[in-house]
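# Coordinate analysis (summary)
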Amino acid sequence: MKIGFIGLGNMGNPMAVNLANAGHEVAGFDMAEVSVSGVTLTGSGADAAKDADIVITMLPNGQILRSVANEIIPAMNEGAVWVDCSTVDVDSARAVADMALAAGVLTVDAPVSGGIGGASAGTLTFMAGGSAEAFEKARPLFDIMGQKAVHCGDAGAGQAAKICNNMILGVTMIATCEAFALADKLGLDRQKMFDVVSTSSGYSWTMNAYCPAPGIGPQSPADNGYQPGFAAELMLKDLRLSQQAAESSDADTPMGMMATELYQQFVESEDGLGLDFSAMLPRFEKRGRN
Ligand code: NAD
């Protein structure tokens, strides 16, 4: 298959490499200077998209996605498929899907879970929104870049699933960290706390698989000085998307709102920038109730 790949950053680079290694002809473009093994670099997004059967984008945000849409849709063939794997707001995902549809281009919004490790190992999970026809055409590429792809519904449904999942993630990470800090103050041993909670009704992915306390549970960024992993600023980006979506759909999400405020404070006014999102635990450790 002929593939155009636009946005060859931390995630896009290894995803494009996996497609090239699987024998696809990949033409890639990034604003920044990059080198990607097995991928032919082009001078513009439109050049990468031209004549491609499938175009994949992996970009920072919805505003950039909208500008790239203006560039690539006119260059794409009718019946070609555009798969956007970026995490963006639902409104941008739906707007670019409408633009593409008007030009006869099929679309799938397919944000991912699994991080840079999953992108390199080809074990991402894709949450996809779009027509059944578009999803089926993209599926062979999901199978190369990931281990699971869920067709969540029409355009925007993939972004909706990603945003809801990550709102739960942000809220549960904060709950897990504040519970550890409370346990410390109560003189409860952290290992005992883990042993109980990880097998009781307080268990969660943040406790069981990504424990924010160093030396407890499976290996996680806490065991590596809170180097990301999943950076606090990326968590903040996704929480903001959840609040933007809640606002535009009139949903009441008080915990999501509080998590957004806490991560904003952590990233912008405390020392969270550049740290993993689980570094909320040392933040709580330093603080008292007032
Ligand atoms: P990144 O900043 O490393 O990569 C984005 C790339 O897009 C950069 O190389 C940038 O130069 C390029 N770019 C920006 N504007 C462009 C344009 N107009 N044309 C071409 N290229 C352009 O970011 P990343 O970590 O690869 O994340 C990409 C997306 O994946 C984001 O939406 C992020 O939220 C999402 N995501 C990231 C992770 C993670 O762990 N890093 C996990 C899941 C989802």
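The name an unreviewed UniProt entry gives the chain is 3-hydroxyisobutyrate dehydrogenase, with Ruegeria faecimaris as the organism. In its Catalytic activity (unreviewed entry) section, UniProt records this for the chain: "3-hydroxy-2-methylpropanoate + NAD(+) = 2-methyl-3-oxopropanoate + NADH + H(+)".

## What to know about the domain arrangement of the chain
On domain assignment, one finds that the chain holds domain 1 (2-153) and domain 2 (160-286). Averaged C-alpha coordinates put domain 1 and domain 2 at centres separated by 29 Å. Listed by partner, the interface residues are 9 residues for domain 1 and 10 residues for domain 2. Along the lines of polarity and charge, the residues of the side of domain 1 that touches domain 2 split into 4 nonpolar, 3 polar and 2 charged.

## Description of the site of the ligand
Around the ligand there are 25 residues in total, and Gly 7, Gly 9, Asn 10, Met 11 and Thr 87 lie nearest to it. At the level of secondary structure, the elements contributing two or more residues to the shell around the ligand comprise α3 (62-72), α5 (115-121) and α10 (232-249). For the shell around the ligand, the residue count by class is 15 nonpolar, 8 polar and 2 charged. Structurally, the shell around the ligand is a two-domain feature, drawing no fewer than three residues from each of domain 1 (2-153) and domain 2 (160-286).

## Quick word on the packing of helix α7 (residues 157-185) against α10
The N-to-C vectors of α7 and α10 enclose an angle of 120 degrees; their axes lie 9 Å apart at closest approach. Relative to α10, α7 is oriented oblique. Every pair of crossing elements has a handedness; the one defined by α7 and α10 is left-handed. Here Ile 163, Asn 166, Met 167 and Gly 170 of α7 come into contact with α10, specifically with Met 235, Asp 238, Leu 239, Leu 241, Ser 242 and Ala 245.

## Considerations on unusual backbone geometry
The peptide bond linking Pro 228 to Gly 229 adopts the cis configuration, its omega dihedral lying at 15 degrees. Note that Gly 229 resides in the loop between α9 (205-208) and α10. Here Asp 51, not a glycine, exhibits a phi torsion of approximately 65 degrees, which is positive. Of note in this structure, Tyr 226 is not a glycine but carries a positive phi near 65 degrees.

## Some remarks on the UniProt feature "domain: 3-hydroxyisobutyrate dehydrogenase-like NAD-binding" (unreviewed entry) in the chain
In the numbering used here, UniProt assigns the feature "domain: 3-hydroxyisobutyrate dehydrogenase-like NAD-binding" (unreviewed entry) to residues 156-281. Annotated as residues 156-281, this span is 60% helix and 0% strand, and its ends, taken at the C-alpha atoms, are 33 Å apart.

## Quick look at the packing of α7 against helix α11 (residues 254-268)
Contact pair α7 / α11: the axes reach a minimum separation of 9 Å and the direction vectors enclose 70 degrees. Classified by the interaxial angle, the pair formed by α7 and α11 is roughly perpendicular. The two elements α7 and α11 meet at a crossing, and its hand is left-handed. On the side of α7, the interface is formed by Met 167, Gly 170, Val 171 and Ile 174, while α11 contributes Met 255, Gly 256, Ala 259, Leu 262 and Tyr 263. Looking at side-chain class alone, the contact of α7 with α11 contains 7 nonpolar, 2 polar and no charged residues.

Calculation rules
- Residues numbered from 1 in each chain as written.
- Predicted model: local features only at pLDDT ≥ 70, side-chain atom pairs only at ≥ 80, totals over all residues.
- UniProt positions renumbered as here; feature names shortened; annotations may be inferred.
- Domains from an automatic or database assignment.
- Contact = placed C-beta atoms within 7 Å.
- Nonpolar A, V, L, I, M, F, W, Y, C, P; charged D, E, K, R; others polar.
- Near = placed C-beta within 6 Å.
- Helix = DSSP H or I, 4+ residues; strand = E, 2+ residues; numbered from the N terminus.
- Axes fitted to C-alpha atoms, helices over the stretch in contact; angles between N-to-C directions.
- Parallel < 35°, antiparallel > 145°, perpendicular 65-115°, else oblique.
- Left-handed = near helix turned anticlockwise from the far one by under 90°.

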